Amino acid sequence: MKKVVKFGGSSLASAEQFKKVGDIIRTDAERRYVIPSAPGKRFADDTKVTDMLYACYHLAEEGKDFRKALAEIAARYQEIIDGLSLSLSLKEEFKVIEKNFKEKAGENYAASRGEYLNGIIMAAYLGYEFIDAAEVIRFKESGDFDADSTNEILKKRLDEIERAVVPGFYGSYEDGRVKTFSRGGSDITGSIVARAVKADVYENWTDVSGFLVADPRIIKNPQGIETITYRELRELSYMGASVLHEDAIFPVRREGIPINIRNTNQPEDEGTWIVESTCQKSKYVITGIAGKRGFCSVNIEKAMMNSEIGFGRKVLQAFEDHGISFEHVPSGIDTMTVFVHQDEFIDKEQKVVSAIHRLADPDSVDIEADLALVAVVGRGMRATRGTAGRIFSALAHANVNVKMIDQGSSELNIIIGVDNNDFETAIKAIYDIFVESQL
């Protein structure tokens, strides 16, 4: 078997954490390919190394003296090296970084050095081969990830290597310029490597024991999720559940490789399994609840709207023309509502309203602000009658006014719109009716 293992920043924040990671890898010979993040916070008020690198590079970009800031970053790594008793020096690496900062190599280059340097330390600590991600992860000139080219390069490179460390978060353009994924992108690198080596499992190690049914900042000690499908996870990640970068699903999904979310600090926990499909029934009717605040709705009314061909397209064109993406578009016979992010919309609202009138000639346009969307996700909902009824009953009992409901055709999720002020109350009410009442 082959296992690809990715470790997050909190798992690699200090020498003590590195030792835990080393023990995890060495207890299973199948853990052959390791993807490290940059060192995260060692304690609550600490600063992540990636943020230190951004700040340091901004000084360089402004022509200010950045050497002290760079020395502080070097000290963080030296602390880890000393704690692991490694005879390793990163002095030459930091000379190169200093030179490239002076020459303004770019923010992407600066941010990537956190993973790059941690990868060198990890490889030395484990005795694995180090592979610079810039040599094997490719981006197109457009900035989009080049999946096919990367898979070909990585496969060829790793076919010859039994055990390797590949830093997460970054790759390069064809000409060698470094390009990063979005924050949290080390998850994507792990998934890419898992696809290339046709891994049996992609283990993603972090500081929690998998996914929880609801946000622990809202629900005290929520239940864990044992098994979740890729599709369910996409829905929850999109609505704010953030244990795993949502784009990390795609490379492994193509190969049917399961992802196992594990806890570095509690390696005995089974964590959460993310799979393509399963016959296992979820413990509850729902798999998870997630949501976001900060939406507004644009309600468009027009008599006989349903019989007017192209009406919806004209309305949405008004948003597209002003660079605004929409979240949901529930509609009725004479009404259509477009949900958008309030912070994107607020400065352009009157221009959009004018465009809607010009393009679609509605009877009226009404805007409602300060809304939240709550997604209730679960494969078990398909086979269970009355799920929506139970949700509405729970919300009514909690005195939450429902502004919108949208159920996907897959019957995998139900999205409810409520006032921002009712957001947490709504999540607690739904959790209570589906989980607490079943315990």
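Scroll up for the structure.
What you see is a predicted model, and the numbers here were worked out from it, not measured in a lab. (Residues numbered from 1 in each chain as written. Predicted model: local features only at pLDDT ≥ 70, side-chain atom pairs only at ≥ 80, totals over all residues. Heavy atoms only, no water.)

## Quick word on helix α7 (residues 186-196)
Among the eleven residues in α7, eleven count as buried, and that is most of the element. Taken together, the buried positions of α7 are Ser186, Asp187, Ile188, Thr189, Gly190, Ser191, Ile192, Val193, Ala194, Arg195 and Ala196. One or two residues past the end of α7 sits Lys198, with phi positive at roughly 50 degrees. (Buried < 20%, exposed > 50% of the residue type's maximum accessible area, 1.4 Å probe, protein only. Helix = DSSP H or I, 4+ residues; strand = E, 2+ residues; numbered from the N terminus.)

## Description of the pattern of salt bridges
Scanning the model with the defined rule gives 33 salt bridges in all. As a salt-bridge pair, Glu203 and Arg31 come within 2.7 Å of each other at their nearest N and O atoms. Of the two residues, Glu203 is situated in strand β7 (residues 201-206) and Arg31 in strand β2 (residues 31-36); the sequence distance between them amounts to 172 residues. Summarising the burial analysis for this pair, Glu203 and Arg31 share the class buried. Three or more residues joined by partner-sharing salt bridges are found here, namely Lys3, Asp28, Glu30, Arg31, Glu203 and Arg262. (Salt bridge = Lys/Arg side-chain N within 4 Å of Asp/Glu carboxyl O.)

## A few points about the packing of helix α1 (residues 15-26) against helix α5 (residues 107-126)
In contact at an axis separation of 11 Å, α1 and α5 are set at 55 degrees when each is read in the N-to-C sense. When the interaxial angle is binned, α1 and α5 end up oblique. Relative to α5, the crossing made by α1 is right-handed. Along the contact surface, α1 presents Phe18, Lys19, Val21, Gly22, Ile25 and Arg26, while α5 presents Asn118, Ile121, Met122, Tyr125 and Leu126. Per-class residue counts for the contact of α1 with α5 are seven nonpolar, two polar and two charged. (Axes fitted to C-alpha atoms, helices over the stretch in contact; angles between N-to-C directions. Parallel < 35°, antiparallel > 145°, perpendicular 65-115°, else oblique. Left-handed = near helix turned anticlockwise from the far one by under 90°. Contact = heavy atoms within 4.5 Å. Nonpolar A, V, L, I, M, F, W, Y, C, P; charged D, E, K, R; others polar.)

## Structural notes on the side chain of Ser191
Examined against the element boundaries, Ser191 turns out to sit in helix α7. Within the local environment of Ser191, its side chain forms a polar contact with the backbone nitrogen of Val252, the two atoms lying 3.3 Å apart. Ser191 has contacts with Tyr202, Ala248, Pro251 and Val252, leaving out every residue within four places of it along the chain. (Polar contact = N/O pair within 3.5 Å; in protein donor to acceptor, adjacent residues only side chain to side chain.)

## Quick look at a negative patch on the surface
On the surface, Glu301, Asp334, Asp361, Asp363 and Asp366 cluster together to form a negatively charged patch. Within the fold, Asp361 resides in the loop between α12 (349-360) and β14 (364-377). (Patch = residues over 30% accessible without salt bridge, like charges linked within 9 Å, V, L, I, M, F, W, Y side chains within 5 Å. Areas by Shrake-Rupley, 256 points an atom, 1.4 Å probe, with all protein chains shown as cover. Lys, Arg positive; Asp, Glu negative; His and termini not counted. Charge placed at Lys NZ, Arg CZ, Asp CG, Glu CD.)

Function cannot be inferred from these measures alone, as they are strictly geometric.
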